[in-house]
Each structure stands twice: as structure tokens, then as C-alpha cells.
Amino acid sequence: MDKMKLDLIRQAVRAHKKIYPCGTKSTLGECFTFEKDKVLFWFDTEDRSTHLVMQRLAQPA
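On a predicted model such as this, the values are computed, not experimentally measured, just so you know. (Residues numbered from 1 in each chain as written. Predicted model: local features only at pLDDT ≥ 70, side-chain atom pairs only at ≥ 80, totals over all residues. Heavy atoms only, no water.)

### What to know about the packing of aromatic side chains
A ring pair, where both rings are aromatic, is described by two values, the distance of the centres and the angle of the planes.
Working step 1: Counted by the stated rule, this structure contains two aromatic pairs.
Working step 2: Both rings, one in Phe41 and one in Phe43, keep their centres 5.3 Å apart while their planes meet at 25°; by these two values the pair is stacked. Of the two residues, Phe41 and Phe43, neither departs from the other in class, the shared state being buried.
Working step 3: Each residue in the set Phe32, Phe41 and Phe43 is aromatic and connected to the rest through ring pairs, giving one cluster.
Working step 4: Taking the ring centre of Phe32 as reference, the NZ or CZ of Lys5 above it sits at 5.2 Å. (Phe/Tyr/Trp six-rings, centres within 6.5 Å; stacked < 30°, edge-to-face > 60°. Buried < 20%, exposed > 50% of the residue type's maximum accessible area, 1.4 Å probe, protein only. Lys NZ or Arg CZ within 6 Å of the ring centre and 35° of its normal.)

### Re the side chain of Thr45
Working step 1: Examined against the element boundaries, Thr45 turns out to sit in strand E3 (residues 38-45).
Working step 2: A distance of 3.2 Å separates polar atoms of two side chains, one belonging to Thr45 and the other to His51.
Working step 3: If we skip the residues at most four places from it in the chain, Thr45 touches His16, Lys18, Tyr20 and His51. (Helix = DSSP H or I, 4+ residues; strand = E, 2+ residues; numbered from the N terminus. Polar contact = N/O pair within 3.5 Å; in protein donor to acceptor, adjacent residues only side chain to side chain. Contact = heavy atoms within 4.5 Å.)

### What to know about the pattern of salt bridges
Working step 1: For the structure shown, the criterion picks out five salt bridges.
Working step 2: In this structure, the salt-bridge partner of Lys3 is Asp7, at a minimum N-O distance of 2.7 Å. Separated by four residues within a single helix, Lys3 and Asp7 lie in helix H1 (residues 3-16), roughly one turn from each other.
Working step 3: By relative accessible area, Lys3 is classed as exposed at 60%.
Working step 4: When the shortest N-O distance is used, the salt bridge between Lys38 and Asp37 registers 3.5 Å.
Working step 5: Overlapping salt bridges bring together Lys3, Asp7 and Arg10 as one network. (Salt bridge = Lys/Arg side-chain N within 4 Å of Asp/Glu carboxyl O.)

If you want it as C-alpha cells, here you go:
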């Protein structure tokens, strides 16, 4: 898994302590969406709420 994905997972864990794959996904690695210039990480928490963290993709030099 690349650094950007790991950073988003760490950010989610810092904010919510325990996180789980979103919906029907079986691993956190399946919970990423790429949309234009952003990577989105979807995850669930213990209360079964779905959350999202995002990061902009690096712009080519």
C-alpha cells in the first residue's frame, strides 16, 4: 500500500481510534476512491457510522 493511503488510514485512526472497512468491503485497502485530483478514504467506526477523509493528489511538476 502506498504512503498516501497509509497516511489517510493513520489520520482516520487518530481521529476515531477503531476503524473498519466501509460497507461490504473486506479490507481497508478496498475503501479508496480516486476522484479527479483527490483520493478519498471511506471507513466505518464502531457505531457503524461511515466517515470520509481525503487528500489532494500531488500535482506533476
